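Notes for the structure review
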There are 2 protein chains.
Amino acid sequence: MNPESFFSKDIKPALKNDPPGEWMPVIPDGCIRLSSGYPDPELIPVQDLKNSVLKLLEEEKDLPLHYIGSKKVKDLKATLQLLMSDRSMVVASENIMITSGACQAIDLIARVLLDDETVVALESPTYMEALEIFQNYTKHFISIEVDKHGLRTDILEEALEERRKNGEKLPKVLYTIPTFQNPTGTTMTEERREHVMRLADEYDFLVIEDDAYGELYFNQDTSPLKAKMRRNESRVLYIGSLSKVVAPGLRIGWVAAEKEFIQALSWFKKDLDHPFSQASVSQFLHDTNWEVRYTILRKVYRAKCSLMLAELEKYMPDSVSWYVPQGGYFVWVKVPGTDTSKLLEKAAAEGVSYVPGKYFFLNQEDGLEYLRLSFSYASESDITEGVKRLGKVIQSAVSD
Amino acid sequence: MNPESFFSKDIKPALKNDPPGEWMPVIPDGCIRLSSGYPDPELIPVQDLKNSVLKLLEEEKDLPLHYIGSKKVKDLKATLQLLMSDRSMVVASENIMITSGACQAIDLIARVLLDDETVVALESPTYMEALEIFQNYTKHFISIEVDKHGLRTDILEEALEERRKNGEKLPKVLYTIPTFQNPTGTTMTEERREHVMRLADEYDFLVIEDDAYGELYFNQDTSPLKAKMRRNESRVLYIGSLSKVVAPGLRIGWVAAEKEFIQALSWFKKDLDHPFSQASVSQFLHDTNWEVRYTILRKVYRAKCSLMLAELEKYMPDSVSWYVPQGGYFVWVKVPGTDTSKLLEKAAAEGVSYVPGKYFFLNQEDGLEYLRLSFSYASESDITEGVKRLGKVIQSAVSD
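In this numbering scheme, every chain counts its residues from 1 along its sequence in written order. Here the convention is simple: chains get letters from A, ligands get numbers from 1, in the order in which they are written. Totals for whole chains, interfaces and linings use every residue, but because this is a predicted model, local features are given only for residues with pLDDT of at least 70 and side-chain atom pairs only at 80 or more, for both listing and counting. As a rule here, side-chain values cover all heavy atoms of the structure and leave hydrogens and water aside.

A short note on the overall build of chain A
Numbering of helices and strands runs from the N terminus; a helix is a DSSP stretch of H or I covering at least four residues, while a strand is a stretch of E covering at least two. Helix and strand counts for chain A stand at 11 helices and 14 strands. Counting only C-alpha atoms and orienting by the principal axes, one finds that chain A spans roughly 65 × 60 × 55 Å. Taken over 400 residues, chain A has a buried fraction of 63%. Within chain A, contacts between residues at least 6 apart in sequence are counted, and of these 74% link residues at least 24 apart. Surface summary for chain A: the accessible area is close to 15,000 Å², and the carbon and sulfur share equals 48%. Accessible area is worked out with a 1.4 Å probe on protein chains only. A residue is then buried under 20% of its type maximum, exposed over 50%, and partly exposed in between. Should any heavy atoms of two residues lie within 4.5 Å, those residues are considered in contact. Shrake-Rupley sampling with a 1.4 Å probe provides the accessible areas, and residues are treated as covered by the protein chains on show and by no other component.

A closer look at empty space enclosed by the protein
Only protein atoms enter the 1 Å grid, on which a cavity is a set of points fitting a 1.4 Å probe that cannot get out and a pocket is an open set with protein on both sides within 12 Å along at least 5 of 7 lines, lining residues being those with an atom within 4 Å of a point. Grid points are joined across faces, edges and corners, and a volume is the space filled by probe spheres set on the points. Considering all chains together, one arrives at 5 cavities of 30 Å³ or more under this definition. Within this model, the largest cavity holds a volume of roughly 170 Å³. Taken together, 16 residues make up the lining of the largest cavity; nearest its centre are Q104, D107 and F268 of chain A together with Q104 and D107 of chain B. Each residue is assigned to one of three groups, with Ala, Val, Leu, Ile, Met, Phe, Trp, Tyr, Cys and Pro labelled nonpolar, Asp, Glu, Lys and Arg labelled charged, and all others, Gly among them, labelled polar. When its residues are assigned to classes, the lining of the largest cavity shows 4 nonpolar, 2 polar and 10 charged.

What about the nonpolar core?
Among buried residues, those of type Ala, Val, Leu, Ile, Met, Phe, Trp, Tyr and Cys that are joined through side-chain atoms within 4.5 Å constitute a nonpolar core. L156 and L242 of chain A together with L156 and L242 of chain B are the most contacted members of the largest nonpolar core, which has 174 residues in total. Here L242 of chain A is in contact with L80, L83, A247, I252, W254, V281, L285 and Y294 of chain A, once residues within four sequence places are set aside.

With respect to the side chain of S52 of chain A
Residues and elements named next belong to chain A. Within the element layout of this structure, S52 appears in helix α1 (residues 46–60). Residue S52 is classed as buried on the basis of its relative accessible area, which comes to 1%. With sequence-adjacent residues up to four places away left out, S52 is seen in contact with S280, Q283, F284 and D287.

Quick notes on the sheet that holds strand β2 (residues 96–99) of chain B
Sheet strands pair via backbone hydrogen bonds, and the direction of the pair is either parallel or antiparallel. Residue and element names in this part refer to chain B. For two strands to count as paired, DSSP must find a minimum of two bridges between them. Spatial ordering of the open sheet is given by β2-β9-β8-β7-β6-β3-β4-β5, a layout of 8 strands whose pairing is mixed. With partners counted over all chains shown, the strands left at the sheet margins are β2 and β5 (150–151), one partner each. Two strands pair when backbone bridges link them, and strand β3 (residues 119–124) and strand β4 (residues 140–147) are joined in this way by 6 bridges, in the parallel orientation. Within β4, the residue paired with V120 across the bridge is F141.

Details of the interface of chain A and chain B
Taken together, the contact between chain A and chain B spans 79 residues of the former and 79 residues of the latter. Here chain A packs against chain B, burying approximately 7,000 Å² in sum over the two surfaces, 69% of which is carbon and sulfur. Two parts placed together each lose some accessible area; with a 1.4 Å probe, that loss summed over both constitutes the buried area. The largest per-residue losses of area from chain A upon contact with chain B belong to F6, W267 and K270 of chain A, which jointly make up 13% of the total buried on that side. Every case where a carboxyl oxygen of Asp or Glu lies within 4 Å of a side-chain nitrogen of Lys or Arg is listed as a salt bridge. For the interface between chain A and chain B, the tally reads 10 salt bridges. Here K9 of chain A ties to D116 of chain B by a salt bridge, and the two come within 3.1 Å at their closest N and O atoms. Any pair of nitrogen or oxygen atoms within 3.5 Å is treated as a polar contact; in protein, a donor-acceptor pairing is required on top of that, and neighbouring residues in sequence qualify only through side-chain atoms on both sides. At the junction of chain A and chain B, the tally comes to 35 residue pairs in polar contact (both at pLDDT 80 or more). Elements supplying a minimum of two residues to the side of chain A that touches chain B: α1, α3 (101–113), α4 (128–135), α7 (259–268) and α8 (275–287) of chain A. At 7 residues, α1 of chain A tops the list of elements feeding residues into the side of chain A that touches chain B. Class assignment of the residues belonging to the side of chain A that touches chain B gives a composition of 41 nonpolar, 13 polar and 25 charged.

Quick word on the pairing of strand β9 (residues 253–256) of chain A
All names here are of chain A. Side chains G253 and V255 of β9 all project onto a buried face; the interleaved residues W254 and A256 project onto the opposite face, where all are buried too. Across 4 bridges, the pairing between strand β2 (residues 96–99) and β9 is antiparallel. Paired with T99 across the bridge in β9 is G253. In terms of strand pairing, strand β8 (residues 236–241) meets β9 through 4 bridges, oriented antiparallel. Directly across from G240, in β9, lies its bridge partner W254.

Observations concerning unusual backbone geometry
Residues and elements named next belong to chain A. In this structure, the amide linkage connecting S124 to the following residue, P125, adopts the cis form with an omega of 5°. Summarising the element assignment, P125 is placed in the loop between β3 (119–124) and α4. The backbone phi angle of F180 is positive, close to 55°, even though this residue is not glycine. In this structure, F180 sits in the loop between β6 (173–176) and α6 (190–203).

Side note on helix α3 (residues 101–113) of chain B
Under the 1.5 Å per step criterion, the end-to-end length of α3 of chain B is 19 Å for 13 residues, consistent within 8% with the ideal 18 Å. Of all the 13 residues making up α3 of chain B, 13 are buried; the element is thus mostly covered by neighbouring parts of the structure. To estimate how far a helix should reach, multiply one less than its number of residues by 1.5 Å.

Side note on the pattern of salt bridges
All names here are of chain A. One pass over the full model with this rule turns up 57 salt bridges over all chains. D201 is the salt-bridge partner of R231, the closest N and O atoms lying 2.8 Å from each other. Taken as a pair, R231 in the loop between β7 (206–210) and β8 and D201 in helix α6 lie far apart in primary sequence, 30 residues in all. Classification of R231 by relative accessible area gives exposed; the value is 64%. On the accessibility criterion, D201 (31% relative accessible area) is partly exposed. Taking the shortest distance from any N to any O, the salt bridge between D204 and R235 comes out at 3.0 Å. In this pair, D204 sits in the loop between α6 and β7 while R235 sits in the loop between β7 and β8, placing the two residues 31 residues apart along the sequence.

Digging into the relation of the copies chain A and chain B
In superposing the copies, a least-squares fit is computed on C-alpha atoms, taking residues whose pLDDT is at least 70 in both. When chain A is fitted onto chain B, the two copies agree to an RMSD of 0.0 Å after a turn of 180° and an axial shift of 0.0 Å. One copy is carried onto the other by what is essentially a two-fold rotation axis. When C-alpha distances to the rotation axis are compared across chain A, the minimum falls at S277 of chain A, with a value of 3.3 Å. A shared interface surface links the copies, since 100% of the contact residues of chain A are contact residues in chain B too.

Re the packing of helix α1 (residues 46–60) of chain B against helix α8 (residues 275–287) of chain B
Residues and elements named next belong to chain B. Simply put, an axis is a line fit to the C-alpha atoms, just over the touching stretch for a helix, and the angle between two N-to-C directions goes from 0 to 180 degrees. Two elements in contact, α1 and α8, have axes whose closest approach is 8 Å; the angle formed by their N-to-C orientations is 110°. Here α1 lies roughly perpendicular to α8, going by the angle between them. The two elements α1 and α8 meet at a crossing, and its hand is right-handed. Note on element contacts: α8 touches α1 through F276, A279, S280, Q283, F284 and D287, opposite D48, L49, S52, V53, K55, L56, L57 and E59. Broken down by class, the residue content of the contact of α1 with α8 amounts to 7 nonpolar, 3 polar and 4 charged. Here the word oblique covers every angle except those under 35 degrees (roughly parallel), over 145 (roughly antiparallel) and from 65 to 115 (roughly perpendicular). Crossing handedness: left-handed means the near helix sits turned counterclockwise from the far one by under a right angle, and right-handed means the same turn made clockwise.

Observations concerning the packing of aromatic side chains
Two rings from Phe, Tyr or Trp (for Trp, the six-membered ring) form a pair when their centres sit within 6.5 Å of each other. Planes less than 30 degrees apart are called stacked, planes more than 60 degrees apart edge-to-face, and all others tilted. Within this structure, the stated rule accounts for 29 aromatic pairs over all chains. Summarising the aromatic geometry, the rings of Y67 of chain A and Y38 of chain B are spaced 5.3 Å apart at their centres and angled 45° between planes, so their arrangement reads as tilted. Placement of the pair is Y67 of chain A in the loop between α1 and α2 (71–85) and Y38 of chain B in the loop between β1 (32–33) and α1, with the two residues belonging to separate chains. On the accessibility criterion, Y67 of chain A (21% relative accessible area) is partly exposed. Assessed through its relative accessible area of 12%, Y38 of chain B is described here as buried. Summarising the aromatic geometry, the rings of Y329 of chain B and F330 of chain B are spaced 6.0 Å apart at their centres and angled 70° between planes, so their arrangement reads as edge-to-face. The exposure class assigned to Y329 of chain B is buried, which follows from its relative accessible area of 0%. We classify F330 of chain B as buried; its relative accessible area is 1%. Taken together, the ring pairs in this structure connect Y213, Y301, Y329 and F330 of chain A into an aromatic cluster.

Printed below as a string of structure tokens:
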């Protein structure tokens, strides 16, 4: 019996890609993890969650442990609607589907929209999990550069014009993280946001807006592409997540989109719901003053980001540069002339880790000189020590 | 913007089927729910789970709330291995993947094995969620009758012979619930189990063994198809679930299969893991004497089943018949000459519900005279009153 001989013809192309999680750097224990895009452990609300679970099970007893029946699960959707309306997004309950984190949302959207002939427009660089997922469905991509003001919509427009002129297939979707992008930390300007939405109408494509970091602004909120002020926000399939603002281990994400999309997504979402997890989070959001919570998160991450930027100034050679983020988790660093994936081993030997830039690019060659640092997970003293160690490693690589 | 115009060509055939959950009967509040395949609410371990979650968060603090890092999540696999080895299934850790319930397991297996040309052999009747899932991938099925001794392997063999003789495509997989089947409650005899495994070798197909009810035997355990005693158990992709023995709202299922299959499944499982839910269950299984727990479950469900059978004897007309289950949740009832889907409205008006048989058949016409009762969810007094009400409804339908 040869297992491979039983595989579906549909999955065979995907299995030729790198295996999922290939980008996950192998990091020795004890390293300072500037690679981890995880929340600050101190900001995980362990005690509050414990109390909320207790309260939930006292109030609802066995209900959240059945397939259906928990009122708190229903309340969760209402709370998400509230969170969205605070950021100018007005959606009805039928326009929301709760998912197991943002990844399941991306995968379900891909399953519903993509086939092996679909062209997908992507930011370059972009979130590596999304890259993996889209490549499970299609091989046709348009990669559009990101600069310090986000997606280069001028290049996108040129690419679209060119394709139209040549009679080439146009993209059906654009996947973007317009706010505090992973990995670059950059934010699309309002001008570019307007531009991208105009292009969506003109070239008839949908926009998958991944907004996992949107709440974590340092100074001011940015209007999502899904915001009601845009006359064509119905083209946007919005992905939200509580992973960065509550806790990733609860696996709560969601999609907000036109109801035809939500219905089609439900068709293929075969893990049903996660009542216990959803009801626990629902209770937690009910018990917590999340405006206060979010304000604290913004303050802490802003301080950690400032610290990381200051340490980069201090320890990096002059040739090294980075974008200054306005929110989120990441600093994107360019080390000219250095293959950061080769350098990782040395960095790990010095006790510091990062994610090599190449994993965020469809064409990995384009990312050799970049690396992603995260200020979210490491403590302040670890950020200082980690950047210092990394500075040493890069200094010696650059002077080689 | 027309949402449908953006759908993938791959999902369009599936969208022509009945929408998912179509079988879910609409039941007025206050009905006695003999339709619900849920655990007995009294057997949901609310207090114990509450204590386990407390203990977990005290011991591991933020760890189970991150993406990775909880030791308890790792322990869960070891516990599942133990549960399996108690039932003669010997599998290594790399042969197990934890899923969001059995449904996600079925969907992932379908995604990895099926394409639009694949032939799937199914029991008739079978689990409606599985029917829905498989029909999202292919239109080619062989439906094989189930009788009181489970799958009619003689008919399966004839069908395979016939296909081979005619040069028709042979099935790549057989999906079966050999033990306490949903919906018939029947169990495949040991003779037929041997037969089906011989056929798997001879005709080179895989067996998807859905064993969601296997632990819930009334008198004696039945050897799964995955048991080590079978020389070709590697052909079996085994699906387990804690939904029926702990609580469905925690969404813990798993697949045990050859590692090539597990690797391919991981490729497409894009909801990552559910650390909080998995760690909570892991802690619960650690804190609980589950042998004692399972013994209690078996005793309670045996008593409730006996009661339901006795009430059926008392209240059903002579023409009505049913199988006597040796475990599980269900009694499968035949009401000759009656369309049970039409009768449901009358039953609901009398305050009792069931699932009409047709939803368990690929060809729904084959199921018109059947209905599924569940003795798991309703209390003993509700079982008595529910069967009595149903008897009245059926009596009047039969004498019409």
